[in-house]
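So you can see what is in the structure, the chains are spelled out below.
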Amino acid sequence: MTTKQDQKTATQGEDDEKNDKEKTQLEQNDSDDDSEENSEDDDLVLEGVLVRNPDVSDSDSSDSESEDENNNEKSSSSQVVLKEDKKPPNQKTSRKRKKPASREPDILQVEFVFWDMKEKFFHGIKTLLQSCSTVYSAQSSSLSDLMIENVSVGTVISTEGDEEGTVFGFASVLNVTTNGSQNCIKYLKKLCRDKCPDRHKAELKIVLSGETKRPAGFLLHSRMVNLPLEIVETLHNQLVLDMDWAVENAEGGVEEQKSLDFGAFVRLAPATPGHHGSVEYKYFDDEIFANNAEFCYTIDAPKSYASEDKQLCSVIVMTKTGHRDAMNDLKRLIGS
């Protein structure tokens, strides 16, 4: 027979067992919450963002607020580092990496403007001269100065509103007589004479003597190799317009007019050896000039420390008529 005391004891045992189960369940929930918080923390680190726990009270004490401010400062500092590094060292992630987009050639739209020679273009002209041929390297500064001073005959390709003196190309003619005292002109004349074949020495001497009815000039031009063909043709055509304008509007009287009315042109064109003794010109327009020349010959250019390839220089001597014929050929070739 069961007494009330036995029933009470049994009931208390069931209650204790129930309480133990609830306590065990609460401990499991706490453990799950801790693991979820750890997982969330891991995700935050992977993302490179530190977020303050909203469950933490802000009003515990002044010391607690001070600690929160320090933690916030640390979080801000860490965030900057993560943004710079993008990914912390030794970080593992299961996320798929995006494939880099295929790189297409960048197309830059540029509006070219033709300018008169100005001092701000000095460094750009000098750089193009140096890259053009080793023939000009040693005299690039002096030649650039002369071209800038010779403002009436010379054109520079730049861009609208350019303030840094960017030069995409240039063309100019320097009188071999009026500039005869300049060391750079003496150097170019000597280079042409010393290596001129015997069959052309007499003709070359007359051209460079300054005793002809119309003066001769060194034709200097250079540009970036990827310049559009239409711009190349316009560059040379603009130089012709400059020469015609300078003759008609010379302010120094008859003498200046004569000095600008060129009857012959000498071009030292950069080139390299081709097949079977031929010459390959760096600029295609120089080949057109050579085809319309009175005569031309090839000499070795000074060695370049930047390249082991042999460099040549083609000396092209044209009359004014030959130069204008070359301009017509260039125009037909480009189709403008």
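See the structure shown above.
These notes cover the structure that comes with them. (Residues numbered from 1 in each chain as written. Predicted model: local features only at pLDDT ≥ 70, side-chain atom pairs only at ≥ 80, totals over all residues. Heavy atoms only, no water.)

Quick word on the overall build of the protein chain
Inference 1: The secondary structure content of the protein chain amounts to 11 helices and eight strands.
Inference 2: Of all 336 residues assigned to the protein chain, the portion counted as buried reaches 35%.
Inference 3: Considering only contacts in the protein chain between residues 6 or more positions apart, those separated by 24 or more positions represent 72%.
Inference 4: Approximately 21900 Å² of the protein chain is accessible, and the part contributed by carbon and sulfur atoms is 47%. (Helix = DSSP H or I, 4+ residues; strand = E, 2+ residues; numbered from the N terminus. Buried < 20%, exposed > 50% of the residue type's maximum accessible area, 1.4 Å probe, protein only. Contact = heavy atoms within 4.5 Å. Areas by Shrake-Rupley, 256 points an atom, 1.4 Å probe, with all protein chains shown as cover.)

Some points on unusual backbone geometry
Inference 1: Although it is not a glycine, histidine 276 adopts a positive phi angle of roughly 55 degrees.
Inference 2: Structurally, histidine 276 can be placed in the loop between strand E5 (264-273) and strand E6 (279-281).

Section: the environment of serine 141
Inference 1: Looking at the element boundaries, serine 141 is found in helix H5 (residues 140-149).
Inference 2: Among residues more than four places away in sequence, those in contact with serine 141 are Phe122 and Lys126.

Quick notes on the pattern of salt bridges
Inference 1: This structure, assessed with the given rule, holds nine salt bridges.
Inference 2: For aspartate 194, the salt bridge goes to lysine 190, with nearest N and O atoms at 2.6 Å. Highlighted residues: aspartate 194 and lysine 190, both in helix H6 (residues 183-194), separated by four residues, approximately one helical turn.
Inference 3: Aspartate 198 is the salt-bridge partner of lysine 201, the closest N and O atoms lying 3.4 Å from each other. With lysine 201 and aspartate 198 both in helix H7 (residues 198-209), this residue pair falls three residues apart, about one helical turn.
Inference 4: The class of aspartate 198 is exposed, set by a relative accessible area of 65%.
Inference 5: Beyond isolated ion pairs, a larger network of salt bridges with shared partners links Arg214, Asp261 and Lys320. (Salt bridge = Lys/Arg side-chain N within 4 Å of Asp/Glu carboxyl O.)

Focus: the side chain of aspartate 285
Inference 1: Take aspartate 285: it is sitting in helix H10 (residues 284-291).
Inference 2: Separated by 2.6 Å, the side chains of aspartate 285 and histidine 236 make a polar contact.
Inference 3: Those residues in contact with aspartate 285, other than ones at most four positions away along the chain, are His221, Arg223, Val232, His236 and Leu330. (Polar contact = N/O pair within 3.5 Å; in protein donor to acceptor, adjacent residues only side chain to side chain.)

Things to note about helix H8 (residues 229-248)
Inference 1: Spanning 20 residues, H8 covers 29 Å between terminal C-alpha atoms, matching the ideal 28 Å at 1.5 Å per step.
Inference 2: Every buried residue of H8 is accounted for by Ile231, Val232, Glu233, Leu235, His236, Leu239, Val240, Asp242, Met243 and Ala246. (Expected span 1.5 Å × (residues − 1).)

Examining the packing of aromatic side chains
Inference 1: As enumerated under the stated definition, the model contains three aromatic pairs in all.
Inference 2: The interplanar angle of 85 degrees and the centroid separation of 5.3 Å between the aromatic rings of phenylalanine 112 and phenylalanine 168 together place this pair among those described as edge-to-face. Of this pair, phenylalanine 112 sits in strand E1 (residues 112-115) while phenylalanine 168 sits in the loop between strand E2 (154-159) and strand E3 (169-175), and the two are 56 residues apart along the sequence.
Inference 3: Judged by its relative accessible area of 16%, phenylalanine 168 is buried.
Inference 4: Note that lysine 120 overlies the ring of tryptophan 115, its terminal NZ or CZ placed 4.6 Å from the centroid. (Phe/Tyr/Trp six-rings, centres within 6.5 Å; stacked < 30°, edge-to-face > 60°. Lys NZ or Arg CZ within 6 Å of the ring centre and 35° of its normal.)

Digging into the packing of H10 against helix H11 (residues 320-334)
Inference 1: Two numbers describe how H10 lies on H11: the axes approach to 9 Å, and their chain directions differ by 135 degrees. Put simply, H10 runs oblique to H11. For the pair H10 and H11, the sense of crossing is right-handed. Contact residues: Phe284, Asp285, Ile288 and Phe289 in H10; His323, Ala326, Asp329, Leu330, Leu333 and Ile334 in H11.
Inference 2: When its residues are assigned to classes, the contact of H10 with H11 shows seven nonpolar, one polar and two charged. (Axes fitted to C-alpha atoms, helices over the stretch in contact; angles between N-to-C directions. Parallel < 35°, antiparallel > 145°, perpendicular 65-115°, else oblique. Left-handed = near helix turned anticlockwise from the far one by under 90°. Nonpolar A, V, L, I, M, F, W, Y, C, P; charged D, E, K, R; others polar.)

A look at the packing of H6 against H7
Inference 1: Across the interface, H6 lies against H7 with an axial gap of 10 Å and an inter-helix angle of 165 degrees. Between H6 and H7, the interaxial angle falls into the category roughly antiparallel. When you trace H6 past H7, the crossing you get is left-handed. Where H6 abuts H7, its residues Lys189, Cys192 and Arg193 lie against Lys201, Leu204 and Leu208.

Focus on the pairing of strand E8 (residues 312-319)
Inference 1: Of all eight residues in E8, seven are buried, a share of seventy percent or more.
Inference 2: In this sheet, E8 lies alongside E5 in antiparallel orientation, the contact comprising eight bridges. Following the sheet pairing, valine 266 is matched in E8 by valine 317.
Inference 3: The pairing of strand E7 (residues 295-300) with E8 spans six bridges and is antiparallel. (Pairing = 2+ DSSP bridges.)

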